[in-house]
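Spelled out, the chains give:
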Amino acid sequence: MSLLRVSIQKLDLLDIKIIRELFQPLPFAPSREGQRESFRAMGKKLGVSGGLVAKRVDRLIRSGFIKGFPLLLNMNLLGLKAGALVLDVEASTPRKELVEKLSLIDGVFIIQSHVEGFIGIVFCCEDHKSLQKKSDLISTVAGARSAKLTRVPFPKSTISLSKSDWRIISTLQRNIDKSVMEISEELQISMRTVRRRMARLVNNGVIFTLASANVAAISGAVMGDLVVEYDSPDVRPQIDKMLLELLDPYYFSTGPWESYGLFSLILPNISKSREIL
């Protein structure tokens, strides 16, 4: 397990469960009405009111832990493939300089630096054959002692996008908080058409959101990633079920990785991480 020491107010179990929901790919919910509906649905799932969920999410945002909800695009529609890489580097490696170097590599769009000797990276490339080549390049630049690579699956989507669809997506990528009315006025498209196009994009898995976090905003806790390798794909479902039950009070993300399990945790202290292991 690799650990991230982080400095936020104390989180309770409901906070962890809300963060867990926010860190799953969510259908894009345009407008305040759409967000309220999302909070109501989340509250129903968690057994609390939508209003309480909204207050907790607002607290997480004001604390600086949740930086926002960037719009993500299904890479299958761009003809791209995505890979996730866990690198084991020397703990003494200067992290700021390394992150800056890695961010210059074409296709790298997520870099997660840990207190110990691990770096997590998500990147994209043209096809599955290129994943290993890009992984080798990233590993070499990082001076990694070892690397674990897996593909990141995206849902299949076969719809074709119109010029209006791409204009709407481009507008939302620049400012995801724009209302339907603002998009309509900017693009000179009727509000009815904007709503219809956005609903089509969401329902066909073209656009979605995923919370973006600032781990430095948490205090009195330790964030960690538990990487699990399996002897056989056949045993994975049973092992994952056992781990999810064990880690239920702590995990907020599991990651859709194909080759290994990755459980992201928020723990009260380092002793708890040792107890779990």
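On a predicted model such as this, the values are computed, not experimentally measured, just so you know.

Caption draft 1: Highlighting the overall build of the chain. On a plain count of helices and strands, the chain comes out with ten helices and 13 strands. Along the first, second and third principal axes, the C-alpha atoms of the chain reach 55 × 45 × 40 Å. As displayed, the chain offers around 15000 Å² of accessible surface, 53% of which is attributable to carbon and sulfur atoms. Positive and negative charge centroids in the chain, built from 38 and 29 side chains respectively, lie 6 Å apart.

Caption draft 2: Broad picture of the sheet that holds strand β7 (residues 118–125). Taking strand neighbours across the sheet as the criterion, the four strands line up as β6-β7-β5-β8 in an open arrangement whose pairing is antiparallel. Strands with a single pairing partner mark the edges of an open sheet, and in this sheet they are β6 (108–113) and β8 (146–152). Ignoring strand direction, the axes of neighbouring strands in this sheet form an average angle of 15 degrees. Alignment of strand β5 (residues 81–88) against β8, held across seven bridges, turns out to be antiparallel. For Ala84, the partnering residue across the bridge sits in β8 and is Thr150.

Caption draft 3: Helix α4 (residues 95–103), seen in detail. Along α4, the residues that are buried comprise Arg95, Leu98 and Leu102. Each buried residue of α4 sits inside an arc of 65 degrees when the element is viewed along its axis, so together they form one side. Close packing links the buried residues of α4 with β6, β7 and α5 (128–142).

Caption draft 4: Summary view of the packing of helix α6 (residues 163–174) against helix α8 (residues 191–203). For the pair α6 and α8, interaxial distance at closest approach is 10 Å and the crossing angle is 85 degrees. It follows that α6 is roughly perpendicular to α8 by the angle criterion. On the side of α6, the interface is formed by Asp165, Ile168, Ile169 and Leu172, while α8 contributes Val194, Arg197, Met198, Arg200 and Leu201. Taken together, the residues of the contact of α6 with α8 sort by class into six nonpolar, no polar and three charged.

Caption draft 5: Structural detail: the packing of aromatic side chains. Throughout the structure, instances matching the rule amount to two aromatic pairs. Here Phe23 and Phe252 contribute two aromatic rings whose centre-to-centre distance is 5.1 Å and whose plane-to-plane angle is 75 degrees, an arrangement assigned as edge-to-face. Of this pair, Phe23 sits in the loop between α1 (13–22) and β2 (26–27) while Phe252 sits in strand β12 (residues 251–253); the two residues are 229 residues apart in sequence, bridging distant segments of the chain. No difference in accessibility class separates Phe23 from Phe252, as the two residues are buried. Between the aromatic rings of Phe154 and Phe208, the centroid separation amounts to 6.2 Å while the plane-to-plane angle is 45 degrees, which identifies the pairing as tilted.

Caption draft 6: Quick look at the pattern of salt bridges. One pass over the full model with this rule turns up 14 salt bridges. For Arg174, the salt bridge goes to Glu186, with nearest N and O atoms at 2.8 Å. Taken together, the residues span a long stretch of sequence, with Arg174 in helix α6 and Glu186 in helix α7 (residues 180–187) at a distance of twelve residues. With relative accessibility at 57%, the residue Arg174 sits in the exposed group. Here Glu186 falls in the partly exposed class, since its relative accessible area comes to 34%. For Glu186, the salt bridge goes to Lys178, with nearest N and O atoms at 2.1 Å. One network of salt bridges, with partners in common, ties together Asp12, Asp15, Arg56 and Arg59.

Caption draft 7: Broad picture of the nonpolar core. Counting residues in hydrophobic clusters, the biggest one holds 21 residues, and the most contacted among them are Ile18, Ile19, Phe65 and Ile266. Every element with two or more residues in this core is listed here: α1, α2 (31–46), α3 (50–62) and β11 (221–228). Among the elements that make up this core, the one with the highest residue count is α1 (five residues). Listed in part, the 17 residues of the second largest apolar core include Ile168, Leu172, Met198 and Leu201.

Cut-off values and rules
Residues numbered from 1 in each chain as written. Predicted model: local features only at pLDDT ≥ 70, side-chain atom pairs only at ≥ 80, totals over all residues. Heavy atoms only, no water. Helix = DSSP H or I, 4+ residues; strand = E, 2+ residues; numbered from the N terminus. Areas by Shrake-Rupley, 256 points an atom, 1.4 Å probe, with all protein chains shown as cover. Lys, Arg positive; Asp, Glu negative; His and termini not counted. Charge placed at Lys NZ, Arg CZ, Asp CG, Glu CD. Pairing = 2+ DSSP bridges. Axes fitted to C-alpha atoms, helices over the stretch in contact; angles between N-to-C directions. Buried < 20%, exposed > 50% of the residue type's maximum accessible area, 1.4 Å probe, protein only. Arc of directions from axis to C-beta. Contact = heavy atoms within 4.5 Å. Parallel < 35°, antiparallel > 145°, perpendicular 65-115°, else oblique. Nonpolar A, V, L, I, M, F, W, Y, C, P; charged D, E, K, R; others polar. Phe/Tyr/Trp six-rings, centres within 6.5 Å; stacked < 30°, edge-to-face > 60°. Salt bridge = Lys/Arg side-chain N within 4 Å of Asp/Glu carboxyl O. Core = buried A, V, L, I, M, F, W, Y, C linked by side-chain atoms within 4.5 Å.

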